[in-house]
Amino acid sequence: MVEEQLRRDSLTDHPDRLWIWQKFVYLDEHRRTWLPLVMEKEDKLRVLFRQEVTILGKPMTPTQIGPSPLPLMWQLYPNRRYRSSDSSFWRIVYHVRIEGLENLFLEQLPDD
């Protein structure tokens, strides 16, 4: 039932780029804000991005943001993947819109 609902609500128009604007806030190419929730399972890093309207402050430098398990930027690649600024690849587990909110779930792929 849940899987069927995810298929129905699945989106294929993924953001081309996501880059950090300030701590815990990423922007896409349309200046939409995405808030990350980081999860780690079985030594795999995962992140759930929720697209929410957020009041933007001034952009922050990486030094101001401080250490983070997440890269500074992702760029969409073929085959439902993103390549991050640290050259790692992330697969799109799902990208759905539920009740008007977009959720983009990424999972870091192992290094080859």
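Structure: above.
Just so we're clear, the structure is a prediction, and the values are computed from it rather than from any experiment.

(A) Looking closely at the pattern of salt bridges. Summed over the entire model, instances satisfying the criterion amount to six salt bridges. Two residues, Arg91 and Glu107, come together in a salt bridge whose shortest N-O distance is 3.0 Å. With a gap of 16 residues between them, Arg91 in strand E7 (residues 89-98) and Glu107 in strand E8 (residues 101-108) connect regions that are remote in the sequence. Taking relative accessible area as the criterion, Glu107 reaches 5% and is therefore assigned buried. Counted as one network, the salt bridges with shared partners bring together Asp28, Arg32, Arg97 and Glu102.

(B) Expanded view of the sheet that holds strand E3 (residues 33-41). Spatial strand order, E1-E2-E3-E4-E8-E7-E6-E5: eight strands in a closed barrel with antiparallel pairing. Each strand axis lies, on average, 35° off the axis of its neighbour in the sheet, ignoring direction. Alignment of strand E2 (residues 25-28) against E3, held across two bridges, turns out to be antiparallel. The partner of Leu27 across the bridge, within E3, is Thr33.

(C) Broad picture of the environment of Ser84. Secondary-structure assignment places Ser84 in strand E6 (residues 81-84). For Ser84, a relative accessible area of 7% gives the class buried. Linking Ser84 and Trp74, residues ten residues apart in sequence, is a C-alpha distance of 4.2 Å. The contacts of Ser84, once residues within four sequence positions are left out, are Pro71, Met73, Trp74 and Trp90.

(D) Molecular detail of the side chain of Asp28. With respect to the helices and strands, Asp28 occurs in strand E2. Here Arg32 takes part through its side chain, which lies 2.7 Å from a polar atom of the side chain of Asp28. In terms of polar contacts, Asp28 uses its side chain to reach the side chain of Trp34, at 3.0 Å. Those residues in contact with Asp28, other than ones at most four positions away along the chain, are Pro15, Arg17, Leu18, Trp19 and Trp34.

Rules used throughout
Residues numbered from 1 in each chain as written. Predicted model: local features only at pLDDT ≥ 70, side-chain atom pairs only at ≥ 80, totals over all residues. Heavy atoms only, no water. Salt bridge = Lys/Arg side-chain N within 4 Å of Asp/Glu carboxyl O. Helix = DSSP H or I, 4+ residues; strand = E, 2+ residues; numbered from the N terminus. Buried < 20%, exposed > 50% of the residue type's maximum accessible area, 1.4 Å probe, protein only. Pairing = 2+ DSSP bridges. Axes fitted to C-alpha atoms, helices over the stretch in contact; angles between N-to-C directions. Contact = heavy atoms within 4.5 Å. Polar contact = N/O pair within 3.5 Å; in protein donor to acceptor, adjacent residues only side chain to side chain.

Spatial relationships are all this shows, so hold off on functional conclusions.
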